[in-house]
There are 2 protein chains.
Amino acid sequence: MTAPLQSPRRRTRIQQEKRDVILDAALDVFSTHGYRGATIDQIAEAAGMSKPNLLYYFKGKEDIHATLIHRLLETWLAPLKELDDIGDPLTEIRSYIRRKLEMARDFPRESRLFANEMLQGAPRIMPMLEGELKSLVDEKAEVIKGWMRAGKIARTDPWHLIFAIWATTQHYADFDVQVRAVLGPDRGGDGRFEDAARLLEQLFLEGLRPRGQVS
Amino acid sequence: MTAPLQSPRRRTRIQQEKRDVILDAALDVFSTHGYRGATIDQIAEAAGMSKPNLLYYFKGKEDIHATLIHRLLETWLAPLKELDDIGDPLTEIRSYIRRKLEMARDFPRESRLFANEMLQGAPRIMPMLEGELKSLVDEKAEVIKGWMRAGKIARTDPWHLIFAIWATTQHYADFDVQVRAVLGPDRGGDGRFEDAARLLEQLFLEGLRPRGQVS
DNA sequence: CGAAATTTTGACCGAATGGACAAACGTTAG
DNA sequence: CTAACGTTTGTCCATTCGGTCAAAATTTCG
């Protein structure tokens, strides 16, 4: 009867478990149908419980989605944060690409949830894009610029470089169906991520190899 | 009273016009909310007509969406088809990137409609992906392989190379909000496509510059 | 055990949804 | 003018939607 939702501390272990089950089911539904296309009934069924039961754990559709988005963003920016000023630039970039590609492989639903939000015009996370995300990217762009000034990598636009890394890696989560369909049953298996990694490493590392100007 | 829908030939000019207005409105709605998230009322309002009036021109929601998808696919594959065996490989690839980037700039809604379909698992165009698209990509991959064998460009996986071009260019349509937000009001203006073009050309052309093996 | 708290559910509600229909409106050619 | 055809809309319908509620079932704990 009492509402277990607002209190900062989740009480029972059951509550935490059920919330996780719901969020997992909701991630399935939201990531494939978007916010408006998803229904609570669908989520409830996927979570193996009745709709009122689900609404006992979450205030409503919006609440579930917000929780999901919030969780997502925490892990989403982690790889970029790790991009470090110390260490060999090209190694750093290769590591970043690797990490992003692993995320596309291991958390494709999260990637699609994010993509859906973008396609809809990011109505729920616009402030975060203009705030936290922009700050982080600007900061890392400065790091990359430093590498360019030092002649460690070729000069180019750091922001668009980051976009290119995002685009190419997330593509394997967001457009997974297309990738599989085009590669066919033979090459579309688990090996596609290694193949992608090879191509992307060559592309970015060779594309960024320093040349020309002397430091 | 008579149904003007099924006959292959559209009769009046009014019918053609109204259908175009509806499709334009529907493209807005479907591309931002996905199939399930879009509503006929929404489309009708965006098209400036009543719902029954809209349903006079199209059999239903499915019909509108199918027409839209069908139209989209015709123009979507055109750039890749133009990728030609004749001509300098690097120039061909640069042209292809340019064309794809122009499409992201000029037809972002079409790109988002396609992206939405992918996120949903491509339920309505799976056969086309495995058929027409795969054939075309396989064909062009052969062309690219020829260039590699001839030592014109560096050896790499042609399929994933194509994926990388798709991903990076369509990113500017599908993730437009994010790109704008991160670049900020100053750099997020119209110039972002030229900046993107520069980065992508450098990335792909330098990343693919032939080296090592002699032909 | 048994009482209190937690969890689950069936029934229900108003609003929105995709769609049907016939009546009304407009246009045009004889 | 008017009959025929094309176009538009108000009304209606069954279903689904997000969400509520009180009662029932279950768990927890003294």
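Residues numbered from 1 in each chain as written. Chains lettered and ligands numbered in written order. Predicted model: local features only at pLDDT ≥ 70, side-chain atom pairs only at ≥ 80, totals over all residues. Heavy atoms only, no water.

Residue and element names in this part refer to chain A. Taken domain by domain, chain A consists of domain 1 (13-70) and domain 2 (77-207). Using only C-alpha atoms to locate each centre, domain 1 and domain 2 end up separated by 28 Å. At the junction of the two partners, domain 1 supplies 13 residues and domain 2 supplies 9 residues. For domain 1, the biggest contributors to the area lost against domain 2 are Leu27, Ser31 and Ile69; these three give 49% of the whole. Viewed at the interface, domain 2 and domain 1 are joined by 3 salt bridges. For the pair domain 1 and domain 2, the number of links is 4 residue pairs in polar contact (both at pLDDT 80 or more). Listing elements by their share of the side of domain 1 that touches domain 2, those giving two or more residues are α1 (13-37) and α4 (61-76). (Domains from an automatic or database assignment. Contact = heavy atoms within 4.5 Å. Buried area = accessible area lost by both parts, 1.4 Å probe. Salt bridge = Lys/Arg side-chain N within 4 Å of Asp/Glu carboxyl O. Polar contact = N/O pair within 3.5 Å; in protein donor to acceptor, adjacent residues only side chain to side chain. Helix = DSSP H or I, 4+ residues; strand = E, 2+ residues; numbered from the N terminus.)

Right, let's get into helix α6 (residues 89-106) of chain B. Residues and elements named next belong to chain B. Over its 18 residues, α6 extends 26 Å from the first C-alpha to the last, a length consistent with the 26 Å expected when each residue adds 1.5 Å. Every buried residue belonging to α6 is among Pro89, Glu92, Ile93, Tyr96, Ile97, Lys100, Leu101, Met103 and Ala104, and all of these are buried. Viewed along the axis of α6, the buried residues span an arc of 165°, placing them on a single side of the element. (Expected span 1.5 Å × (residues − 1). Buried < 20%, exposed > 50% of the residue type's maximum accessible area, 1.4 Å probe, protein only. Arc of directions from axis to C-beta.)

Moving on, we come to the packing of α4(A) against helix α7 (residues 108-119) of chain A. Residues and elements named next belong to chain A. Two elements in contact, α4 and α7, have axes separated by 10 Å at closest approach and are oriented at 110°. In this view, α4 runs roughly perpendicular relative to α7, as classed from their interaxial angle. When the axes of α4 and α7 are compared, the crossing they make is left-handed. Contacts from His65, Leu68, Ile69, Leu72, Leu73 and Trp76 of α4 reach α7 at Glu110, Ser111, Leu113, Phe114 and Glu117. Tallied by class, the residues present in the contact of α4 with α7 amount to 7 nonpolar, 2 polar and 2 charged. (Axes fitted to C-alpha atoms, helices over the stretch in contact; angles between N-to-C directions. Parallel < 35°, antiparallel > 145°, perpendicular 65-115°, else oblique. Left-handed = near helix turned anticlockwise from the far one by under 90°. Nonpolar A, V, L, I, M, F, W, Y, C, P; charged D, E, K, R; others polar.)

Residue and element names in this part refer to chain A. Tracing the backbone through its elements, the reader meets Glu117 in helix α7. Here Glu117 falls in the buried class, since its relative accessible area comes to 1%. The contacts of Glu117, once residues within four sequence positions are left out, are His65, Ile69, Ala122, Pro123, Arg124 and Ile125.

Here we take up helix α11 (residues 192-207) of chain B. The end-to-end C-alpha distance of α11(B), which contains 16 residues, comes to 22 Å, matching closely the 22 Å that a straight helix rising 1.5 Å per residue would cover. Taken across its 16 residues, α11(B) has 14 buried, putting it largely inside the fold.

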